[in-house]
Amino acid sequence: MSTILKFEKSSLKGTLTVPGDKSISHRSIMFGAIASGTTTVEGFLLGADCLSTIACFRKLGVEIDLRGSQVTINSKGIGGWKEPDEVLDTGNSGTTTRLMLGLLASTPFHTVVAGDESIAKRPMKRIVDPLRLMGADIRGRSNGQFTPLAIQGTRLKAIDYTLPVASAQVKSAILLAALHAEGRTTIEEPVATRDHTEIMLRHFGADINRHENIIEVAGGQSLSARHVKVPGDISSAAFLIGAALITPGSEIRLENVGTNPTRTGILDVISQMGADFDIEEKETEGERSADLVIRSSQLKGIEISGALIPRLIDEIPIIALIATQCNGVTVIKDAEELRVKETDRITAVVDELSKMGADITATDDGMVIHGPTALNGADMKTYGDHRLGMMAAVAALAASGPVTIDDPDCIAVSYPGFFEHVNSLLV
Ligand code: S3P
């Protein structure tokens, strides 16, 4: 159902805590399910994607108790999982789909993994290829390129593998398979991607090493149950950061945002654009976090490319919107991975921001944005993509006329309560 967004006031002021990090929340359930014993999680993201992960592990016989954002996982370890009698439904979640494949490749039973329409179009060959090299038995459409995928667990052997795409999901699926394979696996990543899997593996007691860009993990390791603290998701905070930057008279404080350096590309970008903001680092072990204070700012266009891209890949829709309000040109390159996200985010971002009057052009691997341009009202489409939905909502704050958004509910994939949060900051 389409909703009209009309904000009478558009300055943002106040303090809030964004929901938990999506990547870390998924992994907390997976690691808790692999470990035997009781794992507890605080700050878990109650987004639809992470709830899909919980539902899959419940079908594998893992006991998971959810109380608000506190989760308790009771598992007998990966050896105690049972063959599910239903398809494992991964919903809209690429992380659930891909990391589960790495785990199910070695469990001694049959499973079928399938998600929604968007998941059925997303490339799985990047996961299936290395898992097959390890000995996995995975079948699906187009020789295993797309879901639904049927997996018969087998004994796996270690591999030495160089990632052909900068993808934390591919790296993580191989690492999870490698934990239960025979021998030592090495993974070379030409460009660094988010390292939440490596950090959490260490936290759960695994032996994992990194030398420059090569990660090494031994097979046959078991994990010990732990307590996990999930910081706020910088990818969710990014939309409020964007909103505060482009609406005059704003100043917001976002508490306990995850600032793992593999995720803070957005902060580097707004700094180069000339944003007025502070980062107050917190004393934490494992995953880093900070309070962020963001003020509305005069910004300038910049180039965004190379090794920075994986550090902000999910933030490009909001960065593109911010760029429409910058003085000068912003060029985004080396971001062809955007074409295989929840939707083709190059085409979708360019089409939707163009409707509002932005001067934005698609390229094969990114986009070029000339700013500043005034934004007008428009009927915005989300394509079922949560981040397109939030980009449209933030654009509505800066637009001169009413904005409609076709599917606001999809935002709950990563940011349940997004509209309540935005409304609570409006003055
Ligand atoms: C994620 C990795 C990224 C990111 C996605 C979450 C993860 O995908 O875009 O939202 O949790 O590992 P890729 O690994 O495909 O780049």
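Calculation criteria
For every chain, the first residue of the written sequence is number 1, and numbering continues from 1 onward in sequence order. Note on the predicted model: pLDDT of at least 70 is required for a residue's local features to be given, and 80 or more for side-chain atom pairs to be given and counted; whole-chain, interface and lining totals, by contrast, use all residues. Only heavy atoms go into the side-chain values, all of them from the structure, while hydrogens and water stay out. UniProt positions are given in the numbering used here, feature names are shortened, and annotations may be inferred rather than shown by experiment. By the criteria applied, helices consist of DSSP H or I runs no shorter than four residues and strands consist of E runs no shorter than two, each listed in order from the N terminus. Nitrogen and oxygen atoms within 3.5 Å of one another constitute a polar contact, given that in protein one can donate a hydrogen and the other can accept it, and given that sequence-neighbouring residues count only through two side-chain atoms. Throughout, a residue-residue contact means that at least one pair of heavy atoms, one from each residue, lies within 4.5 Å. Residues are counted as near a molecule or strand when any one of their heavy atoms sits within 4 Å of it. Every accessible area reported is derived by Shrake-Rupley at a probe size of 1.4 Å, with residue values counting cover from the shown protein chains alone. Residue ranges for the domains trace back to a domain assignment, done automatically or taken from a database. Definition used for salt bridges: Asp or Glu carboxyl oxygen within 4 Å of a side-chain nitrogen of Lys or Arg. Charged means Asp, Glu, Lys or Arg here, nonpolar means Ala, Val, Leu, Ile, Met, Phe, Trp, Tyr, Cys or Pro, and polar covers whatever is left, Gly included. Residues enter a nonpolar core if they are buried and are Ala, Val, Leu, Ile, Met, Phe, Trp, Tyr or Cys, with the set joined through side-chain atoms within 4.5 Å. For every residue, the accessible area obtained with a 1.4 Å probe (protein chains only) is divided by the maximum for its type, and the residue is called buried under 20%, exposed over 50%, and partly exposed between those limits. The pairing test for Phe, Tyr and Trp rings, Trp by its six-membered ring, is centres within 6.5 Å, and the orientation test on the planes gives stacked under 30 degrees, edge-to-face over 60, and tilted for anything in between. Pairing between strands is defined by DSSP: at least two bridges between them are needed. Comment: axis = line fitted to C-alpha atoms, over the contacting stretch for helices; angle = value between 0 and 180 degrees taken between N-to-C directions. Any angle between 65 and 115 degrees counts as roughly perpendicular, while under 35 counts as roughly parallel, over 145 as roughly antiparallel, and the rest as oblique. The hand of a helix crossing depends on one turn: near helix anticlockwise from the far one by less than a right angle means left-handed, and clockwise means right-handed.

Taking an unreviewed UniProt entry as the reference, the protein is identified by name as 3-phosphoshikimate 1-carboxyvinyltransferase belonging to Planomicrobium okeanokoites. As recorded by UniProt, the Subcellular location (unreviewed entry) comment attached to the protein reads in full: "Cytoplasm". One UniProt comment on the protein, placed under Sequence similarities (unreviewed entry), says "Belongs to the EPSP synthase family."

(A) The side chain of Glu342, seen in detail. Along the chain, the position of Glu342 falls in the loop between strand 21 (328-332) and helix 12 (345-355). Side-chain polar atoms of Glu342 contact the side chain of His386, separated by 2.9 Å. Filtering out sequence-adjacent residues up to four positions away, Glu342 remains in contact with Asn92, Ser118, Arg122, Asp385 and His386.

(B) Quick look at the side chain of Glu189. Looking at the element boundaries, Glu189 is found in the loop between strand 13 (184-188) and helix 8 (196-203). At a separation of 3.3 Å, a polar atom in the side chain of Glu189 contacts the side chain of Lys171. Not counting residues within four places of it along the chain, the set of residues in contact with Glu189 comprises Leu163, Lys171, Arg210, Asn213 and Ile215.

(C) Region of the structure containing the site of the ligand. Residues in contact with the ligand amount to 13 residues; listed here are only the nearest, Ser23, Arg27, Gln169, Asp314 and Lys341. Between the ligand and Ser167, the relevant distance is 2.8 Å, taken from an oxygen atom to a side-chain nitrogen or oxygen of the residue. For the ligand, the protein covers 94% of the area, taking 390 Å² as the surface of the free molecule. Residue assignment for the shell around the ligand shows that the elements contributing at least two residues are helix 1 (22-34), helix 3 (94-104) and helix 7 (168-179). No fewer than three residues from each of domain 1 (3-20 + 231-425) and domain 2 (22-215) sit in the shell around the ligand.

(D) Broad picture of the domain arrangement of the protein. Domain parsing of the protein yields domain 1 (3-20 + 231-425) and domain 2 (22-215). Put simply, the middle of domain 1 and the middle of domain 2, counted by C-alpha atoms, are 28 Å apart. In this assembly, 23 residues from domain 1 lie in contact with 24 residues from domain 2. The tally of links from domain 1 across to domain 2 stands at three salt bridges. The shortest N-O distance in the salt bridge between Glu342 and Arg122 comes to 4.0 Å. In this assembly, domain 1 and domain 2 are joined by 13 residue pairs in polar contact (both at pLDDT 80 or more). For the side of domain 1 that touches domain 2, the class distribution of residues is nine nonpolar, six polar and eight charged.

(E) Structural view of the UniProt feature "active site" (unreviewed entry) in the protein. Taken from the UniProt record, the annotation "active site" (unreviewed entry) applies to Asp314. Structurally, Asp314 is set in the loop between strand 20 (303-304) and helix 11 (316-324). Separated by 3.2 Å, the side chains of Asp314 and Arg194 make a polar contact.

(F) Quick look at the nonpolar core. Formed by 76 residues in total, the largest nonpolar core has its most connected members in Leu240, Met367 and Phe418. Here this core takes ten residues from helix 9 (residues 234-246), the largest share from any one element. Counting 63 residues, the second largest nonpolar core, distinct from the first, contains Phe31, Ile73, Phe109 and Leu223.

(G) Looking closely at the packing of aromatic side chains. Summed over the entire model, instances satisfying the criterion amount to four aromatic pairs. On the basis of an interplanar angle of 70 degrees and a centroid distance of 5.3 Å, the ring pair of Phe418 and Phe419 is categorised as edge-to-face. Look at Phe419 and you get partly exposed, because its relative accessible area is 23%. Following the ring pairs from residue to residue traces out a cluster consisting of Tyr415, Phe418 and Phe419.

(H) View of the sheet that holds strand 3 (residues 36-42). Overall, mixed pairing links the four strands, which are arranged 4-5-3-16 in an open sheet. Strands with a single pairing partner mark the edges of an open sheet, and in this sheet they are strand 4 (63-67) and strand 16 (227-229). The average undirected angle you get between the axes of adjacent strands in this sheet is 15 degrees. As paired strands, strand 3 and strand 5 (residues 70-76) are joined by six bridges and run antiparallel to one another. For Ser36, the partnering residue across the bridge sits in strand 5 and is Lys76.

(I) Quick peek at the packing of helix 1 against helix 3. Close contact between helix 1 and helix 3 brings their axes to 11 Å; oriented N to C, the two are set at 20 degrees. For the element pair helix 1 / helix 3, the angle class is roughly parallel. Every pair of crossing elements has a handedness; the one defined by helix 1 and helix 3 is right-handed. Across the interface between the two elements, His26, Arg27, Met30 and Ile34 from helix 1 touch Thr95, Thr96, Leu99 and Leu103 from helix 3. Across the contact of helix 1 with helix 3, the residue classes tally to four nonpolar, three polar and one charged.

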